[in-house]
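Understanding the architecture of this molecule
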Amino acid sequence: MPRFCGPRPVRELPGVGPTTARLLIQHGVHTVGDLAGLPLATVQRLLGARTGRTLHDRAHGHDHRPVVTEPVARSTSAEHRFNRDELDPAQHRRALLDLAGQLGTRLRTDAQAAAGLTITIRYADGATTTRTRAMPEATHHTRLLARSAYDLYETLGLQRARVRNITLRGEYLSPAEPATRQLTFDHTIDKTLPIEAVQDRARRRYGTDIIKPAALG
């Protein structure tokens, strides 16, 4: 396998997203073979201990992920129905944040990540608008899902629209790999990720309404 994969671009290695690929290329690592030829310690200095070891192993043809024999669901969704047709964009955004929280909890519980996101808005007259976009990277983290949901909402350009309900759907699901989450310079995201596990446990024990996010920040 290393002989076959060696000439392939490093971005094609599972777990290497756009940010990691750019970082590796900046350091002269253009192919899977280039990555395999580096000492493990060098890769870990560039990418971090866990991610560095995972990608170094894969560059050598070693993939420790379990084989999934059951088909993975291709999408999962959550819906918010307003008590009345809602005009306030702030309430729309609060609903989106709650939906992102529900999706994140569901994805993490099922050990899945979404590579795409779809928002569907249903209006007071029954008409609907749908927008879909690819995520920068597959994720199951609420904060990243919420940011993409907000971005999708902004593309709709809603003005004085009476919204009856909003559906948020995670698309193109795949087994989650938290160990190879792409690098980020936004440390506020890294600080919130450990909190998600605590929130998930509380929701499983006391119900999904026990914890609701107040704002994205």
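Note that this is a predicted model, so its numbers are computed, not measured.

1. Comments concerning the pairing of strand β2 (residues 112-123)
A large share of β2 lies buried, amounting to 10 of its 12 residues. The pairing of β2 with strand β4 (residues 163-175) spans 11 bridges and is antiparallel. Looking at the pairing, Tyr-123 lines up with Val-163 of β4. Judged from the eight bridges that link them, β2 and strand β3 (residues 128-139) form a sheet pairing that is antiparallel. Looking at β3, one finds that Ala-114 is bridged to Thr-139. Where β2 hands over to β3, the hairpin turn is made up of four residues, of which Gly-126 adopts a positive phi near 90°.

2. Regarding the nonpolar core
With 27 residues, the main nonpolar core has Leu-96, Leu-117, Ile-119, Ile-121, Leu-145, Ile-166 and Leu-168 as its most contacted residues. Among the elements of the structure, β1 (75-86), α6 (89-109), β2, α7 (142-156) and β4 are those that each provide at least two residues to this core. Setting aside chain neighbours within four positions, we find Leu-145 in contact with Ala-100, Leu-103, Gly-104, Leu-107, Leu-117, Met-135, Thr-139 and His-140. Membership of the second largest hydrophobic core comes to 15 residues, among which are Val-10, Leu-35, Ala-36 and Leu-47.

3. Some words on the environment of Ala-114
Mapped onto the elements, Ala-114 comes out in strand β2. Residue Ala-114 is classed as buried on the basis of its relative accessible area, which comes to 0%. Distance in space between the C-alpha atoms of Ala-114 and Leu-145 is 8.7 Å, their sequence separation being 31 residues. In this structure, Ala-114 is in contact with Leu-107, Met-135, Glu-137, Ala-138, Thr-139, Gly-170, Glu-171, Tyr-172 and Leu-173, ignoring residues within four places of it in sequence.

Definitions and limits used
- All chains use their own residue numbering, which begins from 1 and follows the written sequence.
- Side-chain atom pairs in this predicted model are given and counted only at pLDDT of 80 or more, local residue features only at pLDDT of at least 70, and totals for whole chains, interfaces and linings cover all residues.
- Where side-chain values are given, they derive from all heavy atoms of the structure, hydrogens and water being excluded.
- The buried label goes to any residue with under 20% of its type's maximum accessible area, the exposed label to any with over 50%, and the partly exposed label to all in between, with areas taken from a 1.4 Å probe on protein chains only.
- Segments assigned H or I by DSSP are reported as helices when at least four residues long, segments assigned E as strands when at least two residues long, and all are numbered from the N terminus.
- Whether two strands pair comes down to DSSP finding at least two bridges between them.
- The definition of a nonpolar core used throughout is a set of buried Ala, Val, Leu, Ile, Met, Phe, Trp, Tyr and Cys residues joined through side-chain atoms within 4.5 Å.
- By definition, residues are in contact when any of their heavy atoms lie within 4.5 Å.

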